[in-house]
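For reference, the chains in residue letters:
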Amino acid sequence: MPVMTYLEAIADALRIEMRMDESVFMIGEDIGTYGGAFKLTKGFLDEFGNKRIIDAPISEAAIIGAAIGASLNGMRPVVEMQFMDFITCGFNQLVNVAGTTAYRWGIGVPMVVRGPAGGGVGANPFHSRNSEAWFVQATGLKVVCPSSPADAKGLMTASIRDNNPVVFFEHKGLYRKIKEEVPEGEYIIPLGKARTVCEGKDASIICYGSAVHMAVEVAERMKKEGVSIEVIDIRTLVPFDEEAVIASARKTNRVLITHEATLTGGFAGEISARITEKAFNSLDAPVKRVAAFDSPTPFAPTLEKAMLPNADIIEQELRELLLY
Amino acid sequence: MSKSIPPLITSSTVDKQQRISFLKHMLMAREFDLAMQRLNRQGRAFGGVYSQTGNEATSVGSASALGPNDVLFPMHRNIGGHFVFGQELDVLMKAFLAREGSLMRGTDGTGHYADPQKRIYGNISHLGAMIPVAAGFTMASKLRGEMCVAMTYIGDGGSQTGEFHEAMNFASVQKLPLILIIENNQYAYSSPNSIEFACERLSDRALGYGCHGITIDGTDVELVYETCMDAVNRARNGEGPTIIETITMRMRGHAEHDDFSYVPKEQLAHWQLMDPVDRYIEHCIAKKVLKKSEIDSMRESIIQDMRNAIDAVIDLPFPPAEEAFRNVFMD
Ligand SMILES: Cc1ncc(C[n+]2csc(CCOP(=O)(O)OP(=O)(O)O)c2C)c(N)n1
Ligand SMILES: [Mg+2]
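Residues numbered from 1 in each chain as written. Chains lettered and ligands numbered in written order. Predicted model: local features only at pLDDT ≥ 70, side-chain atom pairs only at ≥ 80, totals over all residues. Heavy atoms only, no water.

Caption draft 1: Up close: the packing of aromatic side chains. Counted under the stated rule, the structure contains 20 aromatic pairs over all chains. Centroid distance B:Phe22 to B:Tyr225: 5.2 Å. Interplanar angle 55°. Geometry classified as tilted. Taken together, the positions of B:Phe22 in helix α1 (residues 16-41) and B:Tyr225 in helix α9 (residues 221-236) put the pair 203 residues apart, joining distant regions of the chain. Both residues of the pair, B:Phe22 and B:Tyr225, count as buried. Ring geometry for B:Phe164 and B:Tyr209: centres 6.5 Å apart, planes at 55°, overall tilted. A residue pair is termed long-range when its members are at least 10 positions apart, and B:Phe164 in helix α6 (residues 162-173) and B:Tyr209 in helix α8 (residues 205-209) qualify at 45 residues. An aromatic cluster of at least three residues, connected via ring pairs, comprises A:Tyr6, A:Phe38, A:Phe83, A:Phe86 and A:Tyr175. The side chain of B:Arg105 reaches across the aromatic face of A:Tyr103, ending 5.8 Å from its centre. Sitting above the plane of the B:Phe164 ring, B:Arg205 keeps its charged end 5.2 Å from the centroid. (Phe/Tyr/Trp six-rings, centres within 6.5 Å; stacked < 30°, edge-to-face > 60°. Helix = DSSP H or I, 4+ residues; strand = E, 2+ residues; numbered from the N terminus. Buried < 20%, exposed > 50% of the residue type's maximum accessible area, 1.4 Å probe, protein only. Lys NZ or Arg CZ within 6 Å of the ring centre and 35° of its normal.)

What follows is the structure in structure tokens.
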């Protein structure tokens, strides 16, 4: 199997789907000649031409709206947000048009809105946000947050083939940081299936996206002390693999949930509620959450490091959880 | 307000059959409106009932310029276009009254439905939101080497949204076959034009986008049709979008709950004389398209059709409650 970065794996999925399906096309800002702000679509214009790799003006609402219209007319658009932060400018289209169409019209709107999200790279409050939870409550949108190259590829394939609008959060900090073997050719991971990253019996860490890497680091540290931690990567927030999470809670009886997004109103709250509702009797301790401080993502490295969660904080909270 | 009443134009490109069709669809729009107003007074319609009286020439004339492969994205005062596109009365009644069998299964009401077979894609409430969607619909056809013109609508208020601007710039850059009708009916809810914009003509915005723009009398159906035909022809020639501002008057409140006491009586009186339906009836009689008696019986039979459609739909149950839990996602 070839070794790919997270970014290469996403590009690989896009290229394969575009080769196989004429109805897939991409639209976004600077994605053509320039190859995208992160160079994810480098070479795409040469291979697919300017009809299928469309450089658009800085108009997120028009871009997402046009993608919806194209989808209603038989296409499967993939929209690049230069940064996921700018999705706010197209929020109305996504939430009120794309997210309601199946319900109101019984017509699917296959489309993917994808782009770089997340902090930890010194990018300021407007290029660092983790806004996935907003789209969970919107209804009618699927929400995907891959943590690894292989997952990113498989989930991208599934997202493009899904008959519903999918918001696909790529973590920009992972783009070139992690490499792994990725299955060659067509590779699909169904949406809504969590992955057990490592099995354990003393406590569970439920996580997704960049937080998976922190969780794994903590699990490895704990292993040296003979403590076995289960790490579950939920991969997709909508659909949510409740079964896998509840099973893990029942198995280890202690659960910590972590994500890079801010705490209040974050998806950890939803996961925690489900566990309390469905596995209360199995719990030996209250569910714990580790997430970012409730603020915009600050710019200076000292501030940003303090605001975001990290492995040390997770470890500390996990130790408390184990002692409860 | 003693503006003179301009005579209606007689388009050289319109034949007798088309005139009859304009007249019939305008009468259908007017009578649908009156029927909905009655249902509302009787407490048998719920939700907003938005009168389109005064807008018949704009909605019918514009939709009539489209061909069978084109597509209509109507707004809340465009019932005339639904009729031009052959929508059945009972389909409309079920949608508007949210009865069992509505294309929206009760999830939404009014003219918000979509009927891909009829090539009609309704609006969402958010003003301006469907303009980029209509643009994208035409873009998909273009990517496949096909031609599909989209016609969509916005008001003198809705044209102040950001999505209006983004979509018209985008469509102009992409040279998409999109026609946007701005129905300037003088009011956006209670707000007159002076609160909504400071430019002279809303169609002047076309200059800023690099597309065509024109302002016309929106009460003259043949003028609207001719202007839209020009726009359709340009669109099919790859010359991109056109913005057509049609000057009309909203003759009733924003919706039926609104007594529109903020509208000066003289203004309404002037526009009453401009009534697009009454004037076109006279025009057709004068041009010997149809005799008065023929028009009367056309109208009578339309009224009867409305009654029949209401009778067939009004006692239907609302959709079953389980529909609330279906189709949030498609398989
Ligand atoms: C984005 C948005 N803001 C507010 C409203 C509430 N609203 C519905 S119709 C309307 C007035 C629209 O006026 P105009 O665009 O002139 O159209 P008209 O009703 O006169 O045909 C308002 C304010 C809305 N539907 N969408
Ligand atoms: Mg208005």
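Still more to cover.
Caption draft 2: Broad picture of the site of ligand 1. All names here are of chain B. Taken together, 14 residues are adjacent to ligand 1, and His-76, Arg-77, Ser-125, Gly-158 and Tyr-187 come closest. Contact distances for ligand 1 include 2.8 Å between an oxygen atom and a side-chain N or O atom of His-76. Leu-127 has a polar backbone atom sitting 3.2 Å from a nitrogen atom of ligand 1. Bound to the protein, ligand 1 loses 71% of the 590 Å² it would expose on its own. Given that more than half its atoms are within 2 Å of the pocket grid, ligand 1 belongs to the largest pocket. Its residues assigned to classes, the shell around ligand 1 shows four nonpolar, eight polar and two charged. (Near = heavy atom within 4 Å. Polar contact = N/O pair within 3.5 Å; in protein donor to acceptor, adjacent residues only side chain to side chain. Areas by Shrake-Rupley, 256 points an atom, 1.4 Å probe, with all protein chains shown as cover. 1 Å grid on protein atoms, 1.4 Å probe; cavity = no way out; pocket = protein on both sides within 12 Å on 5 of 7 lines; lining within 4 Å. Sits in = over half its atoms within 2 Å of the grid points. Nonpolar A, V, L, I, M, F, W, Y, C, P; charged D, E, K, R; others polar.)

Caption draft 3: Structural detail: the pattern of salt bridges. If you walk through the whole model with that rule in mind, you get 38 salt bridges over all chains. Across the pair A:Lys153 and A:Asp12 runs a salt bridge, and its minimum N-O distance is 2.6 Å. Of this pair, A:Lys153 sits in helix α6 (residues 149-161) while A:Asp12 sits in helix α1 (residues 6-20); the two residues are 141 residues apart in sequence, bridging distant segments of the chain. Neither A:Lys153 nor A:Asp12 differs from the other in exposure class; each is buried. Between B:Arg326 and B:Glu323 there is a salt bridge, with the nearest N and O atoms lying 2.7 Å from each other. (Salt bridge = Lys/Arg side-chain N within 4 Å of Asp/Glu carboxyl O.)

Caption draft 4: Here's a closer look at the domain arrangement of chain A. Residues and elements named next belong to chain A. Segmenting chain A into domains produces domain 1 (3-181) and domain 2 (195-323). Placing a centre on the C-alpha atoms of domain 1 and another on those of domain 2 gives a separation of 26 Å. Contacts between the two partners involve 26 residues from domain 1, matched on the other side by 22 residues from domain 2. The interface formed by domain 1 and domain 2 includes two salt bridges. The closest approach of N and O atoms between Asp-151 and Arg-235, which form a salt bridge, is 2.9 Å. Taken together, domain 1 and domain 2 are joined by 15 residue pairs in polar contact (both at pLDDT 80 or more). Where the side of domain 1 that touches domain 2 is concerned, the elements lending two or more residues are α5 (132-138), β6 (142-144) and α6. (Domains from an automatic or database assignment. Contact = heavy atoms within 4.5 Å.)

Caption draft 5: Highlighting the packing of helix α4 (residues 89-97) of chain B against helix α12 (residues 292-314) of chain B. Residue and element names in this part refer to chain B. Between α4 and α12, the shortest axis-to-axis distance is 9 Å and the interhelical angle comes to 50°. On the basis of their axis angle, the class for α4 and α12 is oblique. Classified by chirality, the crossing of α12 by α4 is right-handed. From α4, Leu-89, Asp-90, Met-93, Lys-94 and Leu-97 reach across to α12, where they touch Asp-305, Met-306, Ala-309, Ile-310, Val-313 and Ile-314. Among the residues making up the contact of α4 with α12, the classes are represented as eight nonpolar, no polar and three charged. (Axes fitted to C-alpha atoms, helices over the stretch in contact; angles between N-to-C directions. Parallel < 35°, antiparallel > 145°, perpendicular 65-115°, else oblique. Left-handed = near helix turned anticlockwise from the far one by under 90°.)

Caption draft 6: Fine view of the pairing of strand β7 (residues 165-171) of chain A. All names here are of chain A. Of all the seven residues making up β7, seven are buried; the element is thus mostly covered by neighbouring parts of the structure. Going residue by residue along β7, you find Pro-165, Val-167, Phe-169 and His-171 tucked away on one face and Val-166, Phe-168 and Glu-170 tucked away on the opposite face as well. In the sheet, strand β5 (residues 111-117) pairs with β7 via seven bridges, with the strands oriented parallel. Within β7, the residue paired with Gly-115 across the bridge is Phe-169. In this sheet, β7 lies alongside β6 in parallel orientation, the contact comprising three bridges. (Pairing = 2+ DSSP bridges.)

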